[in-house]
Structure formats: C-alpha cells, structure tokens
Amino acid sequence: MRNLLLRCTILLALATGAHAAPARFSDDARQVADWVQQSGDNAGLPYALVDKKAAMLYLFGADGQLRAASPALLGAAPGDHGAPDLNQRDLSTLPFHERTTPAGRYVAQPGRNLQGEPVVWVDYGAALAIHRLRPGPAQERRAERLRSATPADNKISLGCVVVPVAFYEQQVAPLLGQGRSVVYILPETLAAGAVFGWQ
C-alpha cells in the first residue's frame, strides 16, 4: 500500500510538470539512503538509488539531498545478478532469465549508446545504463507502464533503467550527465546490507 501511495504522489507530480521528490519512500530505499549519508559512501558525488521493488529512481545531490524521483522501467526478469559480457552480445537475443537489472554499487559516467543518444553508463561492460524512454514494440506499452500506479508492470526492459524523456532531460542529465556519479541498485532477492557491505 505504501508503494502504491508513493507512486501515486509521484505520478501526480509528473502530471503537473513538477519533479520535486516526495519526502516518503520505501523502507529499503530509506535504509540505503541513510547509510550513504552517514558513511559518505558517495564520496562527494551526486548519486541515484534504484528501488527495484518499487520500480523507482531517486536522484540525490552530492550533498545527500533528495532532488527528484520517477517511476522507472527495469529488467524483465527477477534477480540481482547480471549476465556476463553483455556489451559484446546482441541484446535482442537475450533469453528471458538474463534480462535482469543487477543490484550493486556502481560508479557511473555519462556517455552515448550505439545510436548516439546520451545515456548514463552505470556499467558499460554489462551494457547497463540509465536512459530515456525510446519507442518500442506497441505491445510492450512502455509509456503506459511508466504511468501506471503499480510497480508490478514496470519489469519490461532488457536490464536498463528507463525513465520518461522529460525526467531524463530535466533531472537525470543535469545531475548525472555532467561527470561521474554513484548509482545504487537495490536488490530484490538479497539483503541490502549484503549487497552494499554493511553486514
């Protein structure tokens, strides 16, 4: 219920053109955000939290202040581990079980994909990026999935974190697209402390 209320709040903000993040977010995201703030793990860089259970992307300034949030599309398959050497493979042929968004801490940097579009490379070797919504097969209804009030239908990508075009251009690009940043992808099957090293 909490995740549903959070997504409704954010979707209302997006619909009215606002991208300020709400004060409430999931317990998992709060725990990781508190740990980053207390430990200084972001090393003075802006950072992002990807809450896979809630299908949300949260953006933080280098000072640890929550700047913006958006629903996101994520890897279609459940799991917290990525497949190897994805940047050397034809992603369109990936079997379903390899279409995961792997959990972990990543030092990200801006770049461009093979089509020349700007992206934030979370892990270039794993072909893992944060990017804006692109046209896809009509049956996937990606734009509708981003607007829905539940995270259950947001698992559709090959593994990347996909956000609305306006959110990418107005929030992601200015904060994460200017230099290095840190991206924390929260697990969905493992304990957060085990993934980020505090247990």
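Everything numeric in this text was worked out from a predicted model, so none of it was measured. (Residues numbered from 1 in each chain as written. Predicted model: local features only at pLDDT ≥ 70, side-chain atom pairs only at ≥ 80, totals over all residues. Heavy atoms only, no water.)

**Thoughts on the overall build of the protein chain**
Check the secondary structure of the protein chain and you find five helices and ten strands. Taking all 199 residues of the protein chain together, the buried fraction comes to 48%. Taking contacts inside the protein chain between residues at least 6 apart in sequence as the whole, the part at least 24 apart equals 63%. As displayed, the protein chain offers around 9,400 Å² of accessible surface, 53% of which is attributable to carbon and sulfur atoms. (Helix = DSSP H or I, 4+ residues; strand = E, 2+ residues; numbered from the N terminus. Buried < 20%, exposed > 50% of the residue type's maximum accessible area, 1.4 Å probe, protein only. Contact = heavy atoms within 4.5 Å. Areas by Shrake-Rupley, 256 points an atom, 1.4 Å probe, with all protein chains shown as cover.)

**Considering the packing of aromatic side chains**
Centre-to-centre distance and the angle between the planes together describe a pair of aromatic rings. Taken as a whole and judged by the stated rule, the model has six aromatic pairs. Look at Trp-35 and Tyr-184: their rings are 6.0 Å apart centre to centre, the planes differ by 85 degrees, and that puts the pair in the edge-to-face class. Of this pair, Trp-35 sits in helix 2 (residues 27-39) while Tyr-184 is found in strand 10 (residues 181-185), placing the two residues 149 residues apart along the sequence. For Tyr-184, a relative accessible area of 0% translates into the label buried. Taken together, Trp-35, Tyr-47, Phe-60, Tyr-184 and Phe-196 form an aromatic cluster joined through their ring pairs. (Phe/Tyr/Trp six-rings, centres within 6.5 Å; stacked < 30°, edge-to-face > 60°.)

**So, the side chain of Ser-181**
One can find Ser-181 in strand 10. On the basis of relative accessibility, which here comes to 0%, the residue Ser-181 falls in the buried class. Among all residues touching Ser-181, those that are not within four sequence positions of it are Leu-45, Pro-46, Tyr-106, Val-107, Ala-108 and Leu-176.

**Some words on helix 4 (residues 165-176)**
Among all positions in helix 4, only Phe-167, Tyr-168, Val-172, Leu-175 and Leu-176 are buried. Down the axis of helix 4, the sector holding all buried residues measures 110 degrees, keeping them to one side. (Arc of directions from axis to C-beta.)

**What to know about helix 2**
With 13 residues, helix 2 should reach 18 Å at 1.5 Å per residue; the first-to-last C-alpha distance of 18 Å fits that figure. Within the sequence span of helix 2, burial applies to Ala-29, Val-32, Ala-33, Trp-35 and Val-36. The buried residues of helix 2 occupy an angular sector of 160 degrees when the element is viewed end-on, so they sit on one face. For helix 2, the exposed residues lying more than 90 degrees away from the buried face are Asp-27 and Gln-38. Considering only its buried residues, helix 2 is in contact with strand 1 (47-51), strand 2 (56-60), strand 10 and helix 5 (192-196). (Expected span 1.5 Å × (residues − 1).)

**Quick look at the environment of Leu-158**
Mapped onto the fold, Leu-158 is located in the loop between strand 8 (155-157) and strand 9 (161-163). Residue class for Leu-158 comes out partly exposed when judged on its relative accessible area of 31%. With 57 residues separating them along the chain, Leu-158 and Thr-101 place their C-alpha atoms 7.9 Å apart.

**Topic: the nonpolar core**
Of all hydrophobic cores here, the largest spans 24 residues; its most connected members are Leu-57, Leu-59, Ile-130, Val-172, Leu-176 and Val-183. Of all the elements, helix 4 adds the most residues to this core, at five residues. If near-sequence neighbours (up to four positions away) are discounted, Leu-59 is found in contact with Tyr-47, Ala-48, Gln-65, Leu-66, Arg-67, Ala-68, Phe-167, Gln-171, Val-172, Leu-175 and Leu-176. Ranked by size, the runner-up nonpolar core spans 19 residues in total, among them Ala-33, Trp-35, Leu-49 and Tyr-58. (Core = buried A, V, L, I, M, F, W, Y, C linked by side-chain atoms within 4.5 Å.)

**Some words on unusual backbone geometry**
For Ala-55, which is not a glycine, the phi torsion comes out positive at approximately 55 degrees. Position of Ala-55 among the secondary structure elements: in the loop between strand 1 and strand 2. Owing to a relative accessible area of 1%, Ala-55 belongs among the buried residues under this scheme. For Ala-127, which is not glycine, the phi dihedral falls at a positive 55 degrees. As for its position among the elements, Ala-127 is in the loop between strand 6 (118-123) and strand 7 (128-132).

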